[in-house]
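The lines below spell out each chain.
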Amino acid sequence: MNFSQRSTAQENVVPIVSETVRVALYVKKAAIHFLDASHRAEYKLSEEARQAGYAIHPNELASIVRTHEFKALKVHGGVEGVARKLSVSLDHGVTESEIPIRQKVYGFNRYVEKPARGFFMFVWEAMQDLTLIILMACGVVSIGVGIATEGWPRGMYDGLGILISILLVVMVTAVSDYRQSLQFLELDKEKKNIMVNVIRDGYRQEVSIYDLVVGDVVHLSIGDQVPADGIFISGYSLSIDESSLSGESEPVNVDQEKPFLLSGTKVQDGSGKMLVTSVGMRTEWGRLMETLNEGGEDETPLQVKLNGVATIVGKIGLVFAVLTFVVLIVRFLVEKALHNEFSVWSSQDGLKILDYFAIAVTIIVVAVPEGLPLAVTLSLAFAMKKLMNDKALVRHLSACETMGSASCICTDKTGTLTTNHMVVDKIWISEEITIIERNNSGDILKSTTCDEVLNILLQSIFQNTGSEVVKGKDGKNTILGTPTESALLEFGLLLGADFDSQRQESKIVKVEPFNSVKKKMSVLVSLPTGGLRAFCKGASEIILTMCDKIVDSNGDIVHLSESQIENVTDIINGFAGEALRTLCLAFKDVDETYDRDSIPSDGYTLISVIGIKDPVRPEVKDAVKTCLAAGITVRMVTGDNINTAKAIAKECGILADGDLAIEGPDFCRKSPEEMKELIPKIKVMARSLPSDKHILVSQLRNTFREVVAVTGDGTNDAPALHEADIGLAMGIAGTEVAKENADVIILDDNFSTIVNVAKWGRAVYINIQKFVQFQLTVNVVALMLNFVSACLSGSAPLTAVQLLWVNMIMDTLGALALATEPPNDGLMKRPPVGRGVSFITRPMWRNIFGQSIYQLAVLAVLKFDGKHLLKLSGSDADSVLHTVIFNTFVFCQVFNEINSRDIEKINVFSGMFNSWVFTIVMVSTVFFQIIIIEFLGTFASTVPLSWQLWLLSVVLGSVSMVVAVILKCIPVEPTKLTFNQNHDDYVAIPTDPEP
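Residues numbered from 1 in each chain as written. Predicted model: local features only at pLDDT ≥ 70, side-chain atom pairs only at ≥ 80, totals over all residues. Heavy atoms only, no water.

A. Examining the overall build of the chain more closely. For the chain, the helix and strand inventory stands at 35 helices and 28 strands. When each of the 995 residues of the chain is scored for burial, the buried share is 54%. Approximately 42,000 Å² of the chain is accessible, and the part contributed by carbon and sulfur atoms is 57%. (Helix = DSSP H or I, 4+ residues; strand = E, 2+ residues; numbered from the N terminus. Buried < 20%, exposed > 50% of the residue type's maximum accessible area, 1.4 Å probe, protein only. Areas by Shrake-Rupley, 256 points an atom, 1.4 Å probe, with all protein chains shown as cover.)

Here's what the structure looks like:
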């Protein structure tokens, strides 16, 4: 429980810099540049650095890149000169053995972060609540007045009991918050641990961004984050998005004339290699980040909604507290007047008034359901931790709860529904189809294809690629690149070709890397015999339209006739119908006079059609079935051929009879009315551009009011990920840009993991509903019991200390017990919660009022006729009765907490012992209740009870479970939201009650 505004988890995401802050950044940069200029002559390399072979000061090197001083770079001999001064080879990279000395001289690639708050800071925050402060004051005054009237130590017991209860509440709250903060710090560290491609010891390998050192040679490709400041070595069409630093939306082209790269920026297009010159706090990003404070995460929608509920209930509690205090004071004054003691006042009277005030304040404490936002945070934090173990990294808290309401998942095909382990399965070349097998396919293809055509095929594979074949330390070949590129290179190696020798035959002049808009990759190379040759590969339909010639069965280049176009189209469709991803490879020879700054876009010669197999993940079919049973529509949005997409979708169970598959361009040409009619039927969108995905998501959200989850892996998927209710980025295939715009990162790129996120999201939602039902029941009973008792008898049956204990049961312990229950399979057999549905449902209201009436009836009977029924007599009869009332009230809550495990089902014990947190909370509550009554009566105003009275309290509490069963048998019509096509809105219609 937390009585103050709860601090949310801090999250070190790269901030979206506002204009105000950006001005501060520019001022900071100007100051840095001025200082760099004034201290340029003062750079003096340490002896240790000289002995290690370094000849340039870390600050001087950082200054050159940070201030973009091209002349200073030239003075040092350009990138090659800087590499020499850093004692590193641009071809072989740094050696592992010298990494420690580089880190010592040039620093570690880590930023100075705001220190984590200590435990006592959380204790201090928990003590800032106004009601707690008032209660502390009451406790202190009570001790003072008590000692003065009753002496030491008897007079201090009541006040000390209040202070001890407050301390216990504060400590439990602080421990809960502190554990959450540690958990979020751990998740944050994992989130920022980016893997970077570097060359070390002559081998290309992946290392953590934290292990990057000055001198590392880093490979960059589309969507990557620049991991440190550096200098461009080589590359093709490298375009950098520096908006995170400069605010400028226009990308910056990086080449030999503009060679500077800054940490934190993103690769928008192209590829290249860079030499790392500054890491950590010496980078531009690191130094500017010093001026920014770490930002907290906004409250989730559910937290906002429940904060509103808490405010309303708190106001009702305030009214009842004031009324209770007024009634008690009025009765007290009336009694004094009747006994003619109105003019006679003693310290005992003051203590009684103080006690009335403490009860009123405690009623406010009990009434304000601070546990509601706490329960959300606990449940989300628990779900985040469990999802991390299940290969899903939640970047934003709200994604967990929103995913539980998802009614539609728009998923990629490659790597998500399929294994992403691609192999060339078939090839059509020289008008012949060859099935590729791993053992002898190379020999078969060589025997059926002339050497010249085979040579052009290998050139097309090895020259026109963004991937590499590298030898590991064990001497084995490893292919680094995308799965599609890897499949092609593996096929080329199967044909007996050597990557390095093929690459050395020709010099690359110009590269246009693949992206999801163009759906092709092109390269222009200079041939050793003279002239230029362009190679192009990509989506079959697109490449085919660029060709006007073809290599025929004799190996000759002939004109591409209409009949041959139809034949090739049939081959493409045939491959696609077998669920193969199809690519076309083509080339074009041009003379030396051709403009080397561009690559031809037509007039190509078609070499071959390649069919790549990417098997469906074995668990996907069951995961799709689970989604359909849960009322979640699964739509495949892919850039693949429509026939390939349809074949895969049918295999996964996504595309059924009557469903529609459509190509992205066709979809975008539809009018809004046509889209409205088609979208409910669309299950597959093929050949889609990122803009097509964005339009589909926007229509689903705005027109059909669906809660949409979208997967994405490319840089251009960022708009769709941002537009969706839940953006899901792929952890393996996804670019850093996609991950940064996503709410959840699917670490294993597996569709079943997405379904697991949805299941946990539903668990979060239902767990909060359980807790709300439990807490509102306690609130109603506690408020009404104390108020009615005060009005009728002039005293409250529950003291301030007892109410504080009840408050902790229903807030902190209740949240721990109910908000952290794991999901069950039944959650995915009910429809999703639609937008605008009331959080507190009719079955919940039924349970709340039913339980409240039962508990109030039992406690009222004990209060007003308990002495007679229990045959209590003697001087301690009132104390025994009030202890029995308190004990019965607590056990009613214990059993009601068990009742609340399921809002609808009668069997609430199913899976109860699977949640160890719930079990521990239940056992702890009963244990401490025994301690309070039997041993802490002095502080809690209780007396030890006989075993018969203990049994009575337990039986009366357990009867609430019988009441719960009766209540759940009373049919209540829940409502669900159904889309009304005629009114463009959702309408509530009655449905059959759930069993």
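B. Structural detail: the packing of helix H21 (residues 562–577) against helix H23 (residues 642–652). As a packed pair, H21 and H23 sit with axes 7 Å apart at the nearest point and diverge in direction by 15 degrees. The orientation of H21 relative to H23 falls into the category roughly parallel. With respect to the hand of their crossing, H21 and H23 are arranged in right-handed fashion. Across the interface between the two elements, Asn 573, Ala 576 and Gly 577 of H21 pack against Asn 643, Thr 644 and Ala 647 of H23. The class makeup of the residues in the contact of H21 with H23 is 2 nonpolar, 4 polar and no charged. (Axes fitted to C-alpha atoms, helices over the stretch in contact; angles between N-to-C directions. Parallel < 35°, antiparallel > 145°, perpendicular 65-115°, else oblique. Left-handed = near helix turned anticlockwise from the far one by under 90°. Contact = heavy atoms within 4.5 Å. Nonpolar A, V, L, I, M, F, W, Y, C, P; charged D, E, K, R; others polar.)

C. The arrangement of the pattern of salt bridges in detail. Applying the stated rule across the entire model yields 21 salt bridges. For Arg 200, the salt bridge is made with Glu 96, and the minimal N-O distance between the two is 4.0 Å. Note that Arg 200 is positioned in strand S1 (residues 195–200) and Glu 96 in the loop between helix H5 (78–85) and helix H6 (99–106), a separation of 104 residues in sequence. The buried category is assigned to Arg 200, whose relative accessible area is 3%. Given a relative accessible area of 32%, Glu 96 falls into the partly exposed group. Its salt-bridge partner being Asp 216, residue Arg 200 comes within 2.7 Å of it at the nearest N-O pair. One end of the pair, Arg 200, is in strand S1; the other, Asp 216, is in the loop between strand S2 (203–208) and strand S3 (217–220), with 16 residues separating them in the sequence. (Salt bridge = Lys/Arg side-chain N within 4 Å of Asp/Glu carboxyl O.)

D. The pairing of strand S4 (residues 229–241), seen in detail. Of the strand pairs in this sheet, S4 and strand S7 (residues 266–278) are connected by 10 bridges, and their pairing is antiparallel. Within S7, the residue paired with Gly 235 across the bridge is Gly 272. Pairing between S4 and strand S6 (residues 260–261): 2 bridges, direction antiparallel. Across the sheet, residue Gly 230 finds its bridge partner in S6, namely Leu 261. Both S4 and strand S5 (residues 252–253) contribute to a ladder of 2 bridges, which runs antiparallel. Bridging from a neighbouring strand, Ser 239 pairs with Asn 253 of S5. (Pairing = 2+ DSSP bridges.)

E. Examining unusual backbone geometry more closely. For Ser 430, which is not glycine, the phi torsion reads 55 degrees and is therefore positive. With respect to the helices, strands and loops of the structure, Ser 430 is situated in the loop between strand S10 (423–429) and strand S11 (432–435). Taking relative accessible area as the criterion, Ser 430 reaches 2% and is therefore assigned buried. Look at Asp 749: it is not a glycine, yet its phi comes out positive at around 55 degrees. Secondary-structure assignment places Asp 749 in the loop between strand S26 (744–746) and helix H29 (751–793). Judged by its relative accessible area of 2%, Asp 749 falls in the buried class.

F. Representation of the UniProt feature "transmembrane region" (unreviewed entry) in the chain within the structure. Mapped onto this numbering, the UniProt entry gives "transmembrane region" (unreviewed entry) at residues 130–149, 155–175, 312–334, 354–383, 916–941 and 947–967. With 100% helix and 0% strand, residues 312–334 has end C-alpha atoms that lie 33 Å from one another. (UniProt positions renumbered as here; feature names shortened; annotations may be inferred.)

G. Structural detail: the environment of Gln 463. Take Gln 463: it is sitting in helix H17 (residues 451–463). Here Gln 463 falls in the buried class, since its relative accessible area comes to 1%. Once the C-alpha coordinates of Gln 463 and Ala 534 are considered, the two residues, 71 residues apart in sequence, prove to be 9.6 Å apart. Among all residues touching Gln 463, those that are not within four sequence positions of it are Gln 502, Arg 503, Ser 506, Ile 508, Val 523, Val 525 and Phe 535. At 2.6 Å, the side chain of Gln 463 forms a polar contact with the backbone oxygen of Gln 502. (Polar contact = N/O pair within 3.5 Å; in protein donor to acceptor, adjacent residues only side chain to side chain.)

H. Highlighting H21. Its 16 residues give H21 an end-to-end C-alpha distance of 22 Å, which sits within 8% of 22 Å, the value for a rise of 1.5 Å per residue. Every buried residue of H21 is listed here: Gln 564, Val 568, Ile 571, Ile 572, Phe 575 and Ala 576. The arc that holds the buried residues of H21, viewed along the axis, is 135 degrees, so those residues lie on one side. For H21, the exposed residues lying more than 90 degrees away from the buried face are Glu 562, Ser 563, Glu 566 and Asp 570. (Expected span 1.5 Å × (residues − 1). Arc of directions from axis to C-beta.)

I. Seen up close, the sheet that holds strand S25 (residues 726–730). Strand order in this open sheet of 8 strands is S8-S26-S25-S24-S9-S21-S23-S22, and the pairing throughout is mixed. Edge positions in the sheet fall to strand S8 (392–394) and strand S22 (660–663), since each has one partner strand and no second. Across the sheet, the axes of successive neighbouring strands diverge by a mean angle of 20 degrees, strand direction being ignored. Note: strand S24 (residues 708–712) against S25, 4 bridges, orientation parallel. The residue bridging Gly 712 from the neighbouring strand is Ala 729, located in S25. In this fold H29 packs onto S8, strand S9 (408–411), strand S21 (633–637), S24, S25 and S26, with an angle of close to 145 degrees to the strand it touches most, S26.

J. Structural detail: the confidence of the model for the chain. Averaged over every residue, the pLDDT of the chain is 82; the share at 70 or more is 86%. In the predicted structure, residues 975–995 sits below a pLDDT of 50 and forms 39 contacts with residues beyond four places in sequence or in another chain. (pLDDT = per-residue confidence, 0-100.)

K. Inspection of the state of the cysteines at higher detail. Overall, the coordinates contain 0 disulfides when judged by the stated rule. Free of any disulfide, Cys 584 has its nearest cysteine sulfur in Cys 547, 7.0 Å distant. (Disulfide = S-S within 2.5 Å.)

L. Representation of the side chain of Asp 692 in the model. Within the element layout of this structure, Asp 692 appears in helix H26 (residues 690–702). Salt bridges are absent for the buried Asp 692, whose nearest opposite-charge side chain, Lys 519, sits at 7.1 Å. Not counting the four nearest positions on each side in its chain, Asp 692 is found in contact with Gly 664, Pro 665, Phe 667, Cys 668, Met 685 and Arg 687. (Lys, Arg positive; Asp, Glu negative; His and termini not counted.)

M. Structural view of the side chain of Asp 412. Checked against the element boundaries, Asp 412 lands in the loop between S9 and S10. Within the structure, the side chain of Asp 412 is placed 3.2 Å from the side chain of Lys 693, a separation counted as a polar contact.

N. Quick peek at the packing of aromatic side chains. Scanning all chains against the criterion turns up 12 aromatic pairs. Arranged with centres 5.7 Å apart and planes meeting at 75 degrees, the rings of Phe 119 and Tyr 178 form a pair that is edge-to-face. Here Tyr 178 lies in helix H9 (residues 157–191) and Phe 119 lies in helix H7 (residues 119–126), a separation of 59 residues in the sequence. On the accessibility criterion, Tyr 178 (27% relative accessible area) is partly exposed. Each ring, one from Phe 891 and one from Trp 950, has its centre 6.1 Å from the other, and the planes form 85 degrees; the classification is edge-to-face. You can see Phe 891 sitting in helix H32 (residues 877–899) and its partner Trp 950 sitting in helix H35 (residues 947–969), a full 59 residues away along the chain. Here Trp 950 falls in the buried class, since its relative accessible area comes to 14%. Through pairs of rings, three or more aromatic residues link up here, namely Phe 119, Phe 120, Phe 122 and Tyr 178. For Arg 901, the ring lying beneath its charged end belongs to Phe 918, and the centroid distance is 5.5 Å. (Phe/Tyr/Trp six-rings, centres within 6.5 Å; stacked < 30°, edge-to-face > 60°. Lys NZ or Arg CZ within 6 Å of the ring centre and 35° of its normal.)

O. Highlighting the nonpolar core. Within the largest apolar cluster, 131 residues are counted, with the highest numbers of intra-cluster contacts made by Met 403, Ile 726, Val 744 and Phe 751. Looking at this core element by element, the count peaks at 21 residues for H29. Filtering out sequence-adjacent residues up to four positions away, Val 744 remains in contact with Ala 392, Leu 393, Val 394, Arg 395, Ala 399, Ile 726, Gly 727, Leu 728, Ala 729 and Val 757. Residues Ile 64, Leu 73, Val 214 and Val 226 belong to the second largest nonpolar core, which totals 50 residues. (Core = buried A, V, L, I, M, F, W, Y, C linked by side-chain atoms within 4.5 Å.)

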